[in-house]
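Single-letter residue listing:
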Amino acid sequence: MDRIRIVGGQKLNGSIAISGAKNAALPLMIASLLSRDTLTLHGVPRLSDVRLLMRILGNHGVDAAISGKRAGQAFDNGDTITLSARDIVDTTAPYELVAKMRASFWVLAPLVARMGEARVSLPGGCAIGTRPVDLLLMALERLGTQIEIDAGYVVAKAPKGLIGNRIHFPKVTVGGTHTALMGAVLARGESVIENAAREPEITDLADCLIKMGAKIEGAGTSTIRVEGVTSLTGAHHTVLPDRIEAGTYAMAVAMAGGDVLLEHARADLFQSALDSLTASGAEIIATNEGVRVKRNGAGLRPVHVTTEPFPGFPTDLQAQFMALMLKANGTSHIRETIFENRFMHVQELARLGAKIKLDGDLAIVEGNAALKGAPVMATDLRASVSLVIAALAAEGETMIHRVYHLDRGFEALEQKLGRCGAEIERVSER
Ligand code: UD1
């Protein structure tokens, strides 16, 4: 297992190319199941989750290939993926695969929409809480699917096809909205999705589905209308830039100091996080090429944040912002309202010298921390990158273990930070 070694104290200067969004690439890849024709996705991030999903889709009969090699890169390292689901040979998604990546549960909707049946393992718990799928199943039931749970599997049947309906979500859910959309596009008649998630990744999926021939209006708002069609075609689509990766590096620059251009980043996709960074004292400049983040000399101010569905402050940037607030010149309050138990990073940050008190969904973060490098453990994707941010400002060496969590969501992290002057390297364990 690899580790990442960081020696803190270097400023970050230069530019970082932001990759395509993991959270858009995964549902887009899954959408390939909806058509017999080829879906070509450009700008797909090179991540272990993407590779794993290719395997999972391959199991269903999807022919998946990577191309788009750049000069000097390994053959299998391109960022264009073609996916052809001409013949779906298996409608079962087994436990061994779904347990490794929760988002693979989302194959349920396109499989039942196109094939009239699917058998998908329940994903089980994960490090950030219970993460139920009741609302995803509700959406499919509203579209006429019969759902049974059998031996840890969801068995979904709609032998005569899905039927359009009104789907009202009592709580905003990204996975639920993806599921409703992918079901409704092939259902007979009209569907209305109410209290839909407004995350940019939903809009990206809808944009791609529209290119495939779907009739969708209102994606990006809380009411989405879908007029079902009988079949979808292939399409070419470029994955939108990763707002979470961009926000993470913006926080890294605010923490370490310096001046970095986040190439391809779109400020409108993470404005609430940028506003919090500005309030803390970082300088943010949106340009045609991306978003430039600067902090030279000035200290950081404490800022209170509460995580919310888009366009609010994203839960996927909560851990990173908490790391930044360790260096603010006062106490900040960070409230997590999306996931229970998403404070796993607190214990590890404490190993670096952080003083954070937890009170239910509230973290009270003491600023002016004297951070000192230490061995720490990555616990989940976003938690682990908060350790990277803290380590950039810690005195001495931090060794981060279990970096496979980072590899799930951050492409070439050590190269991207290293090129900007961070002292960071990957150490392979024998
Ligand atoms: C997606 C993102 C994840 C992000 C999250 C919230 C991907 C691959 N993952 O996860 O990075 O942190 O959105 O922005 O895109 N809930 C239910 N019942 C359900 C489904 C969800 O109660 O059936 C609850 C969840 O427990 C949570 C809330 O709804 O409290 C939001 O979860 P949801 O938006 O569905 O998250 P994911 O789609 O799993």
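Thresholds, definitions, all that
Per-chain numbering applies: the sequence of each chain, read as written, is numbered from 1 onward. The predicted nature of this model means local features are confined to residues of pLDDT at least 70 and side-chain atom pairs, given and counted, to a pLDDT of 80 or more, with totals for whole chains, interfaces and linings taken over all residues. Values reported for side chains reflect all heavy atoms of the structure, with hydrogen atoms and water molecules removed beforehand. Comment: elements are numbered from the N terminus, with helices defined as DSSP H or I runs of at least four residues and strands as E runs of at least two. Here a polar contact is recorded for every N or O atom pair within 3.5 Å, except that within protein the pair must consist of a potential hydrogen donor and a potential acceptor, and residues adjacent in sequence are included only if both atoms are side-chain atoms. Residue contacts are defined here by distance: any two heavy atoms, one from each residue, within 4.5 Å place the two residues in contact. For each domain, the first and last residues come from an automatic or database assignment. Two parts lose some accessible area (1.4 Å probe) when they are put together, and adding that loss for both gives the buried area. Here, a salt bridge means any side-chain nitrogen of Lys or Arg that lies within 4 Å of a carboxyl oxygen of Asp or Glu. Whether a residue is near a molecule or strand depends on its heavy atoms: if one lies within 4 Å, it is near. The method behind every accessible area is Shrake-Rupley, applied with a 1.4 Å probe, and residues are considered shielded solely by the protein chains displayed. Summary of the burial criterion: residues with accessible area below 20% of their type's maximum are buried, those above 50% are exposed, and those between are partly exposed, where the area comes from a 1.4 Å probe applied to protein chains only. Pairing between two strands requires that DSSP report at least two bridges joining them. A fitted line through C-alpha atoms serves as each axis, taken over the contacting stretch for helices, and the angle formed by two N-to-C directions is quoted from 0 to 180°.

Some remarks on the side chain of Gln320
And step 1. Take Gln320: it is sitting in helix H10 (residues 318–325).
And step 2. A distance of 3.0 Å separates a polar side-chain atom of Gln320 from the backbone oxygen of Asp316.
And step 3. If we skip the residues at most four places from it in the chain, Gln320 touches Ile244, Thr248, Met251, Arg382, Val385, Ser386 and Ile389.

Observations concerning the domain arrangement of the protein
And step 1. In terms of domain boundaries, the protein breaks down into domain 1 (3–18 + 241–427) and domain 2 (22–238).
And step 2. A separation of 30 Å is found between the C-alpha centroids of domain 1 and domain 2.
And step 3. Contact residues are listed per partner, giving 21 residues for domain 1 and 17 residues for domain 2.
And step 4. Approximately 1700 Å² of surface area, both sides summed, lies buried where domain 1 meets domain 2, with 50% of it carried by carbon and sulfur atoms.
And step 5. Contact with domain 2 buries area across many residues of domain 1, yet Phe310, Arg408 and Glu411 alone supply 35% of it, more than any other trio.
And step 6. The tally of links between domain 1 and domain 2 comes to 3 salt bridges.
And step 7. Taken together, the connections running from domain 1 to domain 2 amount to 6 residue pairs in polar contact (both at pLDDT 80 or more).

Structural notes on the site of the ligand
And step 1. Surrounding the ligand, one finds 18 residues, the nearest of these being Asp134, Leu135, Val174, Asp316 and Ile338.
And step 2. Contact between the ligand and Thr173: an oxygen atom at 2.8 Å from a side-chain N or O atom of the residue.
And step 3. Its free accessible area being 740 Å², the ligand has 87% of it covered by the protein chains.
And step 4. For the shell around the ligand, the elements supplying multiple residues, two or more each, are helix H5 (134–142) and helix H6 (174–184).
And step 5. Looking at the shell around the ligand element by element, the count peaks at 3 residues for H5.
And step 6. Here the shell around the ligand spans two domains, since at least three of its residues come from each of domain 1 (3–18 + 241–427) and domain 2 (22–238).

Some thoughts on the pairing of strand S9 (residues 153–157)
And step 1. Burial analysis of S9 places 4 of its 5 residues in the buried class, which makes it a mostly covered element.
And step 2. When strand S7 (residues 117–121) meets S9, the two strands line up antiparallel, connected through 5 bridges. Opposite Val120, over in S9, you have Val154 as the bridge partner.
And step 3. By the bridge criterion, 5 bridges tie strand S8 (residues 146–150) to S9 in an arrangement that is antiparallel. What sits directly across from Glu148, in S9, is Val155.

Here's the deal with the sheet that holds strand S14 (residues 235–238)
And step 1. Within the open sheet, the 4 strands sit side by side as S4-S5-S3-S14. Their pairing is mixed. At either end of the open sheet lies a strand with only one pairing partner, and these are strand S4 (63–67) and S14. Across this sheet, the average inter-strand angle for adjacent strands is 15°, counted without regard to direction.
And step 2. Here 4 bridges tie strand S3 (residues 38–42) to strand S5 (residues 80–84), and the two strands are oriented antiparallel to one another. Bridged to Thr38 within S5 is Ser84.
And step 3. Along the sheet, helix H2 (residues 48–60) makes contact with S4 and S5, crossing S4 at roughly 150°.
And step 4. On top of the sheet, helix H7 (residues 200–211) reaches S3 and S14; it is set at about 160° to S14, its chief contact.

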